[in-house]
Structures are given as C-alpha cells and as structure tokens.
Amino acid sequence: MKHKCFATVVLAAALWLTGCGGAAAPAAPAGSGAASQSAAAAAVQTAQKERITDQYTLEKNISGVWEEDTGQYISVHVSVHVPQLECDSPDAASINDELNDIYAAHFREYEAYEEAGQPGNEYPQIGVNWDAYWYGDCVSLVMHDRYGGTAPWFYSGWCFDFATGQQITTAEMLQRMGLDPDTVQQQMQRQAMQTFDREMAQGAYYESWRLDGELSQMRMDTLEYNELENLCLLLPEQNQLVLRGRYSSASEERWQQLDMEIPLQTAAQPQAQPVLTDTFDGVQVQLKGTQATITLSPAPKTATWNTELNLRLEQAHTYPILGSYNEYVDVCIGQQTDSVFHPVVYLLTKDGVVEYVDVLRCLLFGNAMICQDPIYIANNGVSLERSGSSKVNLRRKDGSVLELADLSSEWSVQGIPYSITGSFNCTNGNWLELSGDGSVQLGVQNNRRIDQGDAAYLGVVPEGMVLAIFTDTGLDFVAAFKMDLYDNLTLTMIDGQNPFAEGETQLQMTRSYD
C-alpha cells in the first residue's frame, strides 16, 4: 500500500485547540507579559498532548533475531512508539487502524522474544517513533522508522483536523499557510531532479542504466515520490517550512532524504529573471526562469525538410520545452549531422551538465519538444559555443573542449523502462503490448484492427515517461506512460490522437498476465 505523507506546522501560542478529541484550551491568565504568555503556551501544549497518545509501545533488548546479510541470529534493541488520535470520528479510527497495521502489528511477536543483555554500540536498533506538528486544530503525525542501526530513516505521515474529525490533504494545508500548491509542487520536483542529476554527474551514473531503461525509471521514481501527496511538511522553527521528500540514488539504500525549505514570511519582490536566447537557421530558443520555448520558422534550412523528409513548415510555431527541471546558464543551437538539417538545442545547467532537445527527432515523432535526460559525462562545463562546422562544443573549467553532436546522438538510445513494458487492456477491448526493445503492438477499433510498430523514449515529465509510438500504418502519437501500485497504466496524451479511446486525453489500462 502506498502511504500518503502529510504534515502541518507548529501552532502559534495565540491559536486555541477546540473540537474533536478534547476541550478547548483554557483561557490565558489575567494580565499580560511573559508570564501569562508562557502559561498560555503551556496550556496549549497540554491540550495537544491529550489529543495524541501512544496506542502501542515496546522498549526491549531482544536476542534471536535473524539477520539476512550475515546469516546469523543477533541481538537488537527494539524501540517502538505508535500513536493514536483521541477522536471518535470515522477518519480518526481509519488512521489509527492503519498505523496499527503498518507499525504495531508485526512488532507484537517480539514481545515473546527472550530478553537480551544491555546492547553495546555494535547492536543495531529497530526504531519506530513519531512527531506532531500543529496548525490550529490540525495535527500531522510524521512517522519515522528504520530496521537497522545504520539504515536511513524512512518518513511518512497523516494529517488530521480535530475540528472537523477529518483527514486533510497536503494541498489544503499549504493553502492554509498562504502557499499555492501547484507552485510548491513544481519547486519540489525541480529540486528533486536537480539533486538526482547532480549525483549522477558526480560519478554515480552507469551506462548500463541508460541502455536498459533503469536511468529513466529512477528519474520517474524521483518525480513521482515528490508529488505533494507523498511529502511530509514540517516546521522545525517559526516561519521555516520544510518539505521532506526523497530521491532515487545509486547508494546501497537506493533512496536518500531530500528537504526543501520554504520561508513563510511575506514574499519578497520577485527578482528579474535572466533571459537566455539563441537563433540558428529558423530555430530559436528562449529560456526565462522556469519557462522554456522553441520556435520554428520558415527559413532556407527548415524548407529542406519538405523535400528530404516530407516535413512541411508553413508558418512559425512555438513549442514549450517539456521535461526540463534545472536552472540554466547558457544555451546554444547546433547541427547534429551534416547530411540533413538536424538542429539540436543544448542547455547548460548551473551545475555544469549538458541537457539537450533533439528538435528534428521530436518533430519526426510528433509535435512536442521533450528535453532528453542530461548527458552526465558532459559536465564541468562553463559555456557552450558553436564551432565553424555549426556543431556545438562544451568548454570545461579546465579549458578543454568537448564536441556534443555524437554524444547527443548516442544518448538518445535508451531502453524502455521495465515498469511500463508488458501487455495492457482497456475496458473497451483495445489493448497495448510494449516490449523492452521498443517493439509495439496495438489492438484498436474494439480490437478489430491490429497495428505493429516501435516506441522511442523521449524523456520524463510529471505525467510519466514520454514515448513516441509510430506504426507501419501511420497510427502515430506521443504520450506519457505511468504505472501505479495496482498495476494500472495511465496514458496521458501529449500529441496526436488517442488510438485506444477517441477524444480522451487520459486513459487507464490494466496489466494483463495472460
């Protein structure tokens, strides 16, 4: 089961607790000053503690625990504290039951284990505990647990409104704090991807990950985990909001904690955003803050597409760049090959890593400009420059120069991620088969027509992994594919017509095991 991660912020002393699960906090003593404020704060804290208690605790040194890594029985210290909401609403009961099922039920067997002696530092610790963050009558239980002394803590949580007796969402809590959930969501996912890319560029990347689709899977997992419903919100200090997520990594534990701070003070005046632009033979790119676009215009070079590729460009058209998450310091457009006009837009991140948009490839597969995964080995860059041959070079900190055309061509060859391969059925009888090598079969028109073709991976957007599907009969489209925990595949259209359900921009398909 996927557990949602909700949290709130610390209660200001002037806000009183009322509603489900406890009486209102007593009034402050008469008078004013530090003494009365301290008494009021103490009264609030007492009322808070009465609303959340431990439903299960276990503090014990036990022996006879099997450790798979060593193949031995060891002694460990078990410290388990599982909370419950003191409220009789259905939502409170549901949360309490879920906490019991996840964190308490399987620890009860340890009660019968033999008591061990006092463990030393070599003894690993199994730990489960919780923190509460308050905002008015709302509380968040932020659980943290681990099952080894050196393992990282894993965080999850539930947010509950005692005034209404209902569970509330992260988005609702952000709105109460005066924040726009959509803006916060974009900020968190961008920071998560920047952190992920930075680690890969520093040496964690393996070429095999790109070739078998593991790299794109890790990038997608990072985006998905940092969706609002999976985040914990904390306020360790007044006016300091922390969103706690995590990112997929090359470490042994696979996941690393990621915290993003957002000040809750009055927002400062926005800073002027630098604008980066470049133009090359009918192709123009513009980067301004988080907005990035590519404009294609009729020109002598773009006109050659009509005769050579049957690709007609009759008027200027501007495309947003999808799947770009970094902050950029330079941009340059160049040729990938000399035989045909093949423009590629290169983007240099603030961390010195090169990303790119293969303009012609995206046009041939559809009408969507997707930023390909970063070229992690093209790093330590300080600037991009177009050479005399119209190809683009990366100038590095040490003064060396790296040509990017062959690298961008090589980097476009990526395997289809394992999570979205297999056979999937629609309720209307249509179906999709997608293989790891990129081969595709489609059953459409209520399974009266079967098409065969190929899929090409283009990049990752929040809606899923972007694939261009092109068939022998011209049934072509571009869509984002994402699996959920229940083996449902969500297809979100980006370009072209949905062949499985006409007119639908989003469609859910079910994995078939036949």
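Residues numbered from 1 in each chain as written. Predicted model: local features only at pLDDT ≥ 70, side-chain atom pairs only at ≥ 80, totals over all residues. Heavy atoms only, no water.

Novice: Which residues make up the pattern of salt bridges, and what are the values?
Specialist: One pass over the full model with this rule turns up 18 salt bridges. Across the pair Arg-176 and Asp-161 runs a salt bridge, and its minimum N-O distance is 3.6 Å. Linking Arg-176 in helix H3 (residues 170-176) with Asp-161 in strand S5 (residues 154-161), this pair joins segments that are 15 residues apart in sequence. Judged by relative accessible area, Asp-161 falls into the buried class, the value being 6%. The partner of Lys-482 in a salt bridge is Glu-227, and the shortest N-O contact between them spans 2.8 Å. In this pair, Lys-482 is assigned in strand S27 (residues 477-483) and Glu-227 in the loop between helix H6 (214-225) and strand S7 (232-237), connecting sequence segments 255 residues apart. Judged on exposure class, the residue Lys-482 and its partner Glu-227 are both buried. What emerges from the salt-bridge pattern is a single network uniting Asp-197, Arg-219 and Asp-373. (Salt bridge = Lys/Arg side-chain N within 4 Å of Asp/Glu carboxyl O. Helix = DSSP H or I, 4+ residues; strand = E, 2+ residues; numbered from the N terminus. Buried < 20%, exposed > 50% of the residue type's maximum accessible area, 1.4 Å probe, protein only.)

Novice: For the nonpolar core, give the residues involved together with the corresponding values.
Specialist: In this structure, Ile-420, Leu-432, Leu-442, Leu-467, Phe-477, Phe-481 and Phe-500 are the most contacted members of the largest nonpolar core, which totals 39 residues. Elements that contribute at least two residues to this core include exactly H6, strand S23 (431-434), strand S24 (439-444), strand S25 (449-461), strand S26 (464-471), S27, strand S28 (488-495) and strand S29 (506-512). A per-element tally of this core places S27 first, with six residues. Of all hydrophobic cores here, the second largest spans 30 residues; its members include Tyr-56, Val-78, Leu-99 and Phe-162. (Core = buried A, V, L, I, M, F, W, Y, C linked by side-chain atoms within 4.5 Å.)

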